[in-house]
Amino acid sequence: MAYILIFITAIFVNNVVLSQFLGICPFLGVSKKVESALGMGAAVAFVLTLATVVTFILQKYVLDAFDLGYLQTIAFILVIAALVQMVEIILKKSAPSLYQALGVFLPLITTNCCILGVAILVANGTYSTQGLEPNLMTGVVYALSTAIGFALALIVFAGLREQLSMMDIPVGLQGMSIALITAGLLAMAFMGFSGVDNGLKILFGL
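On a predicted model such as this, the values are computed, not experimentally measured, just so you know.

## Some points on the overall build of the protein chain
- In terms of regular secondary structure, the protein chain is built from nine helices and zero strands.
- Its C-alpha atoms give the protein chain a radius of gyration of 18 Å, within 12% of the compact-globule value 17 Å for 206 residues.
- Here the C-alpha coordinates of the protein chain stretch approximately 60 × 45 × 30 Å along the principal axes.
- Sequence-distant contacts, at least 24 apart, represent 77% of the contacts inside the protein chain between residues at least 6 apart.
- Of the roughly 10400 Å² that the protein chain leaves accessible, carbon and sulfur atoms contribute 70%.
- Of the charged side chains in the protein chain, 7 are positive and 8 negative, and the gap between their average positions amounts to 8 Å.

Have a look at this one:
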């Protein structure tokens, strides 16, 4: 049940974009079309989950073992960059249309603070484990849940922006202005999930 709570909390209650404000750049940049949002969400989910596993092992068995904790940020960025390069190669060969649609935002995953932030939180054990001991298993569940939450917010936002593109919006609000207003309203909507995790804890006696 604790893993389910981690899952629900990371997706809805503490959504990485709408609550923690990480990954705003791709959230605003790749949300004009649902198709691009789906591709970016899948790419981030893959990189985020894999990066969490690799960086956790790197932190525990290399950085901590040899007292090299001060190299954490640099080492993690290098790992994430390598994984992004792998995703680029795979997409370029298997899905060239999606590769073109993502454009410059695909390599920007390398500096996506969502991926780096989650990797650091998991490696340091400073994320919500819902009473479980911070370890690789809970870290992977948290990372995957966070990636799903990122993809959900991105796809919903892309759907809203597609609808807005067909509406008669005042000139002063067109473009990024209405996008930011919509993002704010979406964040307020997700605030409605606050307390869901506490309610489930009480319900299941955790």
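## Focus on the confidence of the model for the protein chain
- Counting all residues, the mean pLDDT for the protein chain is 86, and 95% of those residues have values of 70 or more.
- Mean pLDDT across the elements of the protein chain ranges from a minimum in helix H9 (residues 196-204), with 67, to a maximum in helix H7 (residues 136-164), with 93.

## Side note on the environment of Pro-26
- Position of Pro-26 among the secondary structure elements: in helix H2 (residues 24-29).
- On the basis of relative accessible area, Pro-26 is assigned to the buried category, the value being 8%.

## As for the nonpolar core
- By size, the foremost hydrophobic cluster in this structure holds 53 residues, and its most contacted members are Leu-18, Phe-27, Met-40, Val-47, Ile-109, Ile-115 and Phe-150.
- Every residue in contact with Phe-150, bar those within four places of it in the chain, is listed here: Asn-15, Val-16, Val-17, Gly-23, Pro-26, Met-40, Val-44, Asn-112 and Cys-114.

## Observations concerning the packing of aromatic side chains
- Scanning all chains against the criterion turns up four aromatic pairs.
- When the ring of Phe-12 is compared with that of Phe-193, the centres are 4.8 Å apart and the planes differ by 40°; the resulting orientation is tilted. In this pair, Phe-12 is assigned in helix H1 (residues 2-13) and Phe-193 in the loop between helix H8 (176-190) and H9, connecting sequence segments 181 residues apart.
- Relative accessible area serves as the criterion here: at 27%, Phe-12 is assigned to the partly exposed category.

## Some thoughts on the side chain of Gln-72
- Inspection of the secondary structure puts Gln-72 in helix H4 (residues 72-94).
- There is a polar contact of 2.9 Å between the side chain of Gln-72 and the side chain of Gln-59.
- Among all residues touching Gln-72, those that are not within four sequence positions of it are Gln-59, Leu-63, Ile-120, Ala-123 and Asn-124.

## Thoughts on the packing of helix H3 (residues 34-63) against H7
- Running from amino to carboxyl end, H3 crosses H7 at an angle of 165°, the nearest separation of the two axes being 9 Å. Relative to H7, H3 is oriented roughly antiparallel. Viewed along their axes, H3 and H7 form a crossing whose handedness is right-handed.
- Here the contact of H3 with H7 is composed, by residue class, of 19 nonpolar, six polar and one charged.

Conventions adopted
Residues numbered from 1 in each chain as written. Predicted model: local features only at pLDDT ≥ 70, side-chain atom pairs only at ≥ 80, totals over all residues. Heavy atoms only, no water. Helix = DSSP H or I, 4+ residues; strand = E, 2+ residues; numbered from the N terminus. Rg over C-alpha atoms; globule rule 2.2 N^0.38 Å. Contact = heavy atoms within 4.5 Å. Areas by Shrake-Rupley, 256 points an atom, 1.4 Å probe, with all protein chains shown as cover. Lys, Arg positive; Asp, Glu negative; His and termini not counted. Charge placed at Lys NZ, Arg CZ, Asp CG, Glu CD. pLDDT = per-residue confidence, 0-100. Buried < 20%, exposed > 50% of the residue type's maximum accessible area, 1.4 Å probe, protein only. Core = buried A, V, L, I, M, F, W, Y, C linked by side-chain atoms within 4.5 Å. Phe/Tyr/Trp six-rings, centres within 6.5 Å; stacked < 30°, edge-to-face > 60°. Polar contact = N/O pair within 3.5 Å; in protein donor to acceptor, adjacent residues only side chain to side chain. Axes fitted to C-alpha atoms, helices over the stretch in contact; angles between N-to-C directions. Parallel < 35°, antiparallel > 145°, perpendicular 65-115°, else oblique. Left-handed = near helix turned anticlockwise from the far one by under 90°. Nonpolar A, V, L, I, M, F, W, Y, C, P; charged D, E, K, R; others polar.

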